[in-house]
Amino acid sequence: MRTLLKKLSDNRGISPVTICLWIVVLAGLAVFPKFVDSPYALHIMILLFLSTIMGESWNILGGYTGQYSVGHAAYFGVGAYTTMMLMQYKQIPPWYGMWVGAAVVVVVALVIGSICFRLRGPYFVLASIAVAEILRLVAMNLKDFTNGAEGILATEIPPFKIGETVVTDFLSKVPFYYIGLVFAVVTIIVTVLVQHSKLGYYFQAIREDQDAAHSLGINLAFHKNVALLFSAVLTSMAGSFYAIYIGFIDPPTVLALDISVQIVLICIIGGIGTIYGPVVGSLVLVPLSEALRSNLIAQGIFKLGLASEESAVGIFLKEHLAHAHALIYGILVVVVILFMPDGVLGFVKKLFTARKRENA
Amino acid sequence: MGAILEIKHVSKFFGGLAANSDVSFDMTEGMIMGLIGPNGAGKTTLFNCITGYYPPSRGEVLFKGMKMNGLEPNKVCKLGMARTWQKVRPLAKMSVLDNVMVGALCRTNSLKVARDIAMEQLKVVRMDKKADFLAGGLPIGERKKLEVARVLATKPVLLLLDEVMGGLNPAESEEIIQLILEIKKAGVTQMVIEHDMKAIMRISDRIVVLNSGEKLAEGNPQEIVTNQAVIDAYLGSEH
Amino acid sequence: MTVLLQSLISGILIGGVYALIGIGLTIIFGVMRVINFAHGDILMLGMYLTYNLFTKLGIDPYVSVLICIPVMFIYGGLLQKIFINRMLGALPQNQILLTIGLGLIMSNTMMLIYTSDYKILTTSYSSSSVNVAGISVSEPLAISFLITAAITTALYWFLMKTDTGQAIRATAQDREAAQLMGINVKWMSILAFGMGSALAATAGALISPTYYIFPQVGSTFTLKAFVITVLGGMGSIVGATLGGIIIGVAESVGAVYISSGWKDVIVFVLFILVLLFKPAGLMGKSRM
Ligand SMILES: Nc1ncnc2c1ncn2[C@@H]1O[C@H](COP(=O)(O)OP(=O)(O)O)[C@@H](O)[C@H]1O
Ligand SMILES: [Mg+2]
């Protein structure tokens, strides 16, 4: 064990303390459902995992490689649709379907990459949006194939069997919790491995200066496409997971610009181009939007006596605050971009170093 | 000994402007070629054409006898020809060591090997103490040295240096001159763009003078300083 | 034949309004090199302003343009002064995100106030049409086209003939040079964002009698504005005008001959083709 730790930290530049912390957190998360059986708590945790997967995946392309895609809904949606359609129309269980989804996304990503990576800066952003919008419109219009605007409702998830033994029937949230956890951990590990590899160095060089990277022997098109493939495939996994977990998809919920923007926000708010950024971003965004959605915040305001439940303000808050989560997103983005360009994580780090300097 | 680099009738047009027109010369292995000329003469453009940043509009570039036209910069670098940028391009949010490692990774897939090569190159430019600093925060003199260390880490056989002494103080310039001579000793062929005439005369085996995109003269330093056309067009006006 | 002609004409008419949206975006990009992702949301604010003026005060939507222009000019100028100016040197990605954030705030504030219900502004002429030589032309579209033409002409005159207009163009051409020439570049940016916003909001006012009004309507128009300006060449006003008309015609002809569902796909495919093969746009050379 010790030698393993040492080897890991030597080769990958990860400190043993970090690894131990990781193990503790993972163990905690692994036993969490044993102690907490509130479906709502599990739901929040599952959303956290999902958000982390989406953020980490985008981060590989946007954060490390500097290619700000605002069209990741394309990969999320294609993954979700493939898995869902295979399950509903062809009775193919989702744990096979999601790999088909990933394969489809590889093709989609290669096409999108060959279009968008010819462009730089704002033009790349615009092209990535346009391509995702085309996919959304196609899903809306191919009614016979995707059921159009009506979306697809999962009627029954086949139980997961190995041989004849039923591993799980997906009736509770617990299996989703563990699947989400495993996916999230895998995504983070992939990111760590990429970051501490030749690929990671090349991705970051491309982010910092494409022309310099090019002149240092880096094949730009190839490496951007590799980053995109990592990013897109992981995002499609998140999409498949979302489809099965929520049980309903339609173009606005899995293919719209909103989804793409939300994916970027997770990273921006946490801290772009860092391993923990998307985790922190998720920890900020998910509870916040859930609290708003379930009117916890309005209730808090009443409890604190800031407004009475019967007053005009109170009624207004109760009715509308639930819809305000996107507003909070907007405010958060503006505040973060203006005052914490390195995200919450970078901001906290800066606070700490400033504190340290004061103490010294 | 055959030529390592042959530039044959290279022209480059930007709209109506001929930034290079019909430039030809050869470089033999191990030499230092000085490339001089007033600002806007087309020196950087020539570097860009040679290294594949963009293809020349006309003419061709042969490196070790191979035609380079249309080859992308990354392939050119892999073949052993590397360049620095006049306007330095540090990978700002990466450490000094990481910057040089990116160069070293051109020749190896192992981070460990790359790290060793990078440390070695940082020692060559005497910046090993700064390995963990962020490249974006370095003063200009050190950025220029980083640029050289990074490009050396790609193990070039032909090195193109674009004004690596620009903006440096005399002590720093002297350091770079010594560095260029060391690189020469190691057997690397070099083409050096420089405005400091004293420096260029000292280090160059041969010199090409560009003016308004055209080759005005070529010869050894002695021939260049006594060439009337060069004195009229360039040296006279500066000194 | 009449069908084609009819859809061509209504395409050109709606294209005029699109041109207004595109010109607004292109002025902002030209002067500040910032792509304004809140453009459609500003248009949406113009729609709601018009809606309220109509339902609360009985002001005709076309008359309310006169109120929209100054109000949204000041609004845009303030946005620029308070938010965008801080970001002028920043990474383009961060500028984009800032305007995305501002757009989210606008649309969701409106959703808090008006819910996400579709609102309809019905005037006596909302669905009436005039008959010109056997071709029926929607009356509100025709009126809004005339207003658009008047505004565009006035804008050209302002940019070409007045000192301030020339200063704005100089800033767009080369910010640093303009600064050296003693032009107050910050002020020009505020003017540009104000003008861009006023134009977007005017477009919103003009289409409010014929479109559903709801808080999320902006993103469609933001995307459309990108397509129009990229098509014409980022920063070119003539290009944006041309781009607006082209998109208007492509949409309305596409709606007739393909289907209204697929017409937007055509627009985006066109967009990507232009990005790839003519990245400078149709009028890329002439900046403003
Ligand atoms: N990408 C470009 N587009 C248009 N003109 C250019 C470009 N690069 C260089 N030029 C022009 O070509 C001429 C030569 O420039 P350059 O090669 O940088 O000169 P030098 O390096 O000798 O100072 C200059 O007039 C410059 O303005
Ligand atoms: Mg130069």
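Criteria and cut-off values
Residues numbered from 1 in each chain as written. Chains lettered and ligands numbered in written order. Predicted model: local features only at pLDDT ≥ 70, side-chain atom pairs only at ≥ 80, totals over all residues. Heavy atoms only, no water. Patch = residues over 30% accessible without salt bridge, like charges linked within 9 Å, V, L, I, M, F, W, Y side chains within 5 Å. Areas by Shrake-Rupley, 256 points an atom, 1.4 Å probe, with all protein chains shown as cover. Salt bridge = Lys/Arg side-chain N within 4 Å of Asp/Glu carboxyl O. Helix = DSSP H or I, 4+ residues; strand = E, 2+ residues; numbered from the N terminus. Buried < 20%, exposed > 50% of the residue type's maximum accessible area, 1.4 Å probe, protein only. Pairing = 2+ DSSP bridges. Near = heavy atom within 4 Å. Polar contact = N/O pair within 3.5 Å; in protein donor to acceptor, adjacent residues only side chain to side chain. Contact = heavy atoms within 4.5 Å. Buried area = accessible area lost by both parts, 1.4 Å probe. Nonpolar A, V, L, I, M, F, W, Y, C, P; charged D, E, K, R; others polar. Axes fitted to C-alpha atoms, helices over the stretch in contact; angles between N-to-C directions. Donors = N, O, S within 2.8 Å, 3.2 Å for Na, K, Ca; no water. Domains from an automatic or database assignment.

## What to know about a nonpolar patch on the surface
Residue and element names in this part refer to chain A.
Phase 1: A grouping of Phe347, Val348, Leu351 and Phe352 is seen on the molecular surface, where their side chains present a nonpolar patch of about 380 Å² in accessible area.
Phase 2: Of note, Leu351 is situated in helix H18 (residues 343-359).
Phase 3: With a relative accessible area of 48%, Leu351 lands in the partly exposed category.

## Concerning the pairing of strand S1 (residues 129-132) of chain C
Phase 1: Of the strand pairs in this sheet, S1 of chain C and strand S2 (residues 135-138) of chain C are connected by four bridges, and their pairing is antiparallel. Residue Val132 of chain C lies in a different strand from S2 of chain C, and its bridge partner there is Ile135 of chain C.

## Observations concerning the site of ligand 1
All names here are of chain B.
Phase 1: Around ligand 1, the neighbouring residues are Phe14, Leu17, Ala19, Pro38, Asn39, Gly40, Ala41, Gly42, Lys43, Thr44 and Thr45.
Phase 2: In this structure, an oxygen atom belonging to ligand 1 sits 2.7 Å away from a side-chain N or O atom of Thr44.
Phase 3: A distance of 2.5 Å separates an oxygen atom of ligand 1 from a polar atom in the side chain of Thr45.
Phase 4: Contact with the protein chains hides 61% of the accessible area of ligand 1, taken as 560 Å² for the molecule alone.
Phase 5: Per element, the largest residue contribution to the shell around ligand 1 is three residues, and it comes from helix H1 (residues 43-50).

## Here we look at the interface of chain A and chain C
Phase 1: Opposite the 38 residues of chain A that make contact, chain C presents 36 residues.
Phase 2: For the pair chain A and chain C, the summed buried area comes to about 3,400 Å², and 86% of that belongs to carbon and sulfur atoms.
Phase 3: Three residues, Tyr123, Leu126 and Leu327 of chain A, lead the burial of chain A against chain C; their summed loss comes to 17% of the area buried on that side.
Phase 4: Across the contact surface, chain A and chain C share zero salt bridges.
Phase 5: Connecting chain A to chain C are zero residue pairs in polar contact (both at pLDDT 80 or more).
Phase 6: Those elements that provide at least two residues to the side of chain A that touches chain C are helix H6 (121-141), helix H13 (257-270), helix H16 (312-320) and helix H17 (325-339) of chain A.
Phase 7: With 13 residues, the top contributor of residues to the side of chain A that touches chain C is H6 of chain A.
Phase 8: Along the lines of polarity and charge, the residues of the side of chain A that touches chain C split into 31 nonpolar, five polar and two charged.

## Thoughts on the interface of chain B and chain A
Phase 1: Each side of the interface is counted separately: chain B has 26 residues, and chain A has 18 residues.
Phase 2: Of the roughly 2,000 Å² buried at the junction of chain B and chain A (both faces included), carbon and sulfur atoms supply 60%.
Phase 3: Between Asp209 of chain A and Arg89 of chain B there is a salt bridge, and its shortest N-O distance comes to 2.8 Å.
Phase 4: For the interface between chain B and chain A, the tally reads 15 residue pairs in polar contact (both at pLDDT 80 or more).
Phase 5: Of all the secondary-structure elements, those providing two or more residues to the side of chain B that touches chain A are helix H2 (73-78), helix H3 (96-104), helix H4 (111-124) and helix H5 (140-152) of chain B.
Phase 6: Its residues assigned to classes, the side of chain B that touches chain A comprises 13 nonpolar, five polar and eight charged.

## Some details on the environment of Arg89 of chain B
Phase 1: Position of Arg89 of chain B among the secondary structure elements: in the loop between strand S6 (81-83) and H3.
Phase 2: In sequence terms Arg89 of chain B and Ala153 of chain B are 64 residues apart; their C-alpha atoms lie 16 Å from each other.
Phase 3: Ignoring any residue separated from it by four or fewer positions in sequence, one finds Arg89 of chain B in contact with Asp209, Asp211 and Ala212 of chain A together with Tyr53, Glu147 and Arg150 of chain B.
Phase 4: Only 3.4 Å separates the side chain of Arg89 of chain B from the side chain of Asp211 of chain A, close enough to count as a polar contact.

## Section: the sheet that holds strand S7 (residues 158-162) of chain B
All names here are of chain B.
Phase 1: Within the open sheet, the six strands sit side by side as S6-S7-S8-S3-S9-S10. Their pairing is mixed. The two strands at the open ends of the sheet, each matched to only one other strand, are S6 and strand S10 (214-219). If you compare each strand with its neighbour and ignore which way they point, the axes differ by 15° on average.
Phase 2: Relative to S10, strand S9 (residues 206-211) runs antiparallel, the two being bridged by five bridges. The residue of S10 that forms the bridge with Leu210 is Lys215.

## Re unusual backbone geometry
Phase 1: Phi is positive for Gln91 of chain A, which is not a glycine, with a value near 55°.
Phase 2: Looking at where Gln91 of chain A falls in the secondary structure, it is placed in the loop between helix H4 (73-90) and helix H5 (94-116).
Phase 3: For Gln91 of chain A, a relative accessible area of 57% corresponds to the exposed category.
Phase 4: One non-glycine residue with positive phi stands out, namely Ser212 of chain B, at about 45°.

## Brief notes about the coordination of the magnesium ion (ligand 2)
Residue and element names in this part refer to chain B.
Phase 1: Here the magnesium ion (ligand 2) is held by the protein donor atoms Thr44 (OG1) and Gln86 (OE1), which lie 2.0 to 2.1 Å from it. Of the two residues, Thr44 sits in helix H1 while Gln86 sits in the loop between S6 and H3, which places them 42 residues apart along the sequence.
Phase 2: Residue Thr44 is classed as partly exposed on the basis of its relative accessible area of 26%.

## Notes on the pattern of salt bridges
Phase 1: Taken as a whole and judged by the stated rule, the model has 17 salt bridges over all chains.
Phase 2: Close ionic contact of Arg136 of chain A with Glu133 of chain A constitutes a salt bridge, the shortest N to O distance being 2.9 Å. Here Glu133 of chain A and Arg136 of chain A lie together in helix H6, a separation of three residues that amounts to about one turn.
Phase 3: With relative accessibility at 21%, the residue Arg136 of chain A sits in the partly exposed group.
Phase 4: For Glu133 of chain A, a relative accessible area of 5% gives the class buried.
Phase 5: When the shortest N-O distance is used, the salt bridge between Arg89 of chain B and Asp211 of chain A registers 3.4 Å. With Arg89 of chain B in the loop between S6 and H3 and Asp211 of chain A in helix H10 (residues 210-215), the pair connects residues from two separate chains.

## Some points on the domain arrangement of chain B
Many analyses report the size of an interface as the accessible area lost when the parts associate.
Residues and elements named next belong to chain B.
Phase 1: Domain parsing of chain B yields domain 1 (3-80 + 157-238) and domain 2 (91-155).
Phase 2: Look at where the C-alpha atoms of domain 1 and domain 2 centre, and you get two points 24 Å apart.
Phase 3: Counting from both sides, the interface comprises 17 residues of domain 1 and, opposite them, 14 residues of domain 2.
Phase 4: Across the domain 1 to domain 2 interface the summed buried area is about 1,200 Å²; carbon plus sulfur atoms make up 65%.
Phase 5: Looking at the side of domain 1 facing domain 2, the largest losses of area belong to Lys78, Glu175 and Leu179, adding up to 34% of the total buried there.
Phase 6: Across the contact surface, domain 1 and domain 2 share three salt bridges.
Phase 7: Across the pair Glu175 and Lys145 runs a salt bridge, and its minimum N-O distance is 2.8 Å.

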